[in-house]
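Topology and contacts: notes
In case you want the letters, here they are:
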Amino acid sequence: MADTENNIIQINVMQTSMTLGMKLGLYITLVYAIFVLSIYWQPLSILSLPLAIGIPFVAYFLLKRFRDANSPDFFPFPVSWMLSILTFLFAGMISCMAVFLFLKFAKPASLDGMLLAQIETLTQAMQQSAGTVTDSVQVEAMNTQIDTIVKTMEWMCGLSASAFTKLLIEASLTWGNIFSLIIGLLVSKRIRIKQQ
């Protein structure tokens, strides 16, 4: 992929980002699947958060591995950034499509009830901790947070599959753009002038 004599890098950005995006999208789909399974089986919830936090790290290692395999000496920031943006775009398309298909055709009827039951357990724990606080301002703030969490979860459970997927697409595009800038900076390599 790289011509070492002229230091020209030739990368098919779309094809590469589709391949990397497919790998990242499958990982994100796995994260979503483990989150859904953790609603039913509590021990899996230990894995949900680390796997979700690992998404930008997986993207970084995919792009770094591609860079090291194809252009270890020079990888400019614009190429790195564009590759990263498109990788997150294709990963978001794959994972959001999987979520839509799950919510539209395979969603168990008990999922919303289980999710609301877990939120109810969380709110009861928060209310118990609010009972130990003596400052009335802090108690009021905690009660407001509890009400906001409950209303938000009830609202999300009431969304249709397409409406929920639209929200997920917006979130994945926003976070993908933020992460792609950081990953693009970390993966890029400049030409180093050799001192003789």
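Use the structure listed above.
This report concerns the structure included in the present document.

**Things to note about the pattern of salt bridges**
For the coordinates displayed, the defined rule picks out 2 salt bridges. Here Arg 67 ties to Asp 68 by a salt bridge, and the two come within 2.9 Å at their closest N and O atoms. Classification of Arg 67 by relative accessible area gives buried; the value is 6%. For Asp 68, a relative accessible area of 33% puts it in the partly exposed group. Among the charged side chains, a network of salt bridges with common partners joins Lys 64, Arg 67 and Asp 68.

**So, the packing of helix H1 (residues 13–40) against helix H4 (residues 77–106)**
Where H1 contacts H4, the axes come no closer than 6 Å and their chain directions differ by 40°. Considering their axes alone, H1 and H4 lie oblique with respect to each other. Note on packing geometry: the crossing formed by H1 with H4 is right-handed. A class-by-class count of the residues in the contact of H1 with H4 yields 19 nonpolar, 7 polar and no charged.

Here is what the cut-offs are and how they apply
Residues numbered from 1 in each chain as written. Predicted model: local features only at pLDDT ≥ 70, side-chain atom pairs only at ≥ 80, totals over all residues. Heavy atoms only, no water. Salt bridge = Lys/Arg side-chain N within 4 Å of Asp/Glu carboxyl O. Buried < 20%, exposed > 50% of the residue type's maximum accessible area, 1.4 Å probe, protein only. Axes fitted to C-alpha atoms, helices over the stretch in contact; angles between N-to-C directions. Helix = DSSP H or I, 4+ residues; strand = E, 2+ residues; numbered from the N terminus. Parallel < 35°, antiparallel > 145°, perpendicular 65-115°, else oblique. Left-handed = near helix turned anticlockwise from the far one by under 90°. Nonpolar A, V, L, I, M, F, W, Y, C, P; charged D, E, K, R; others polar.

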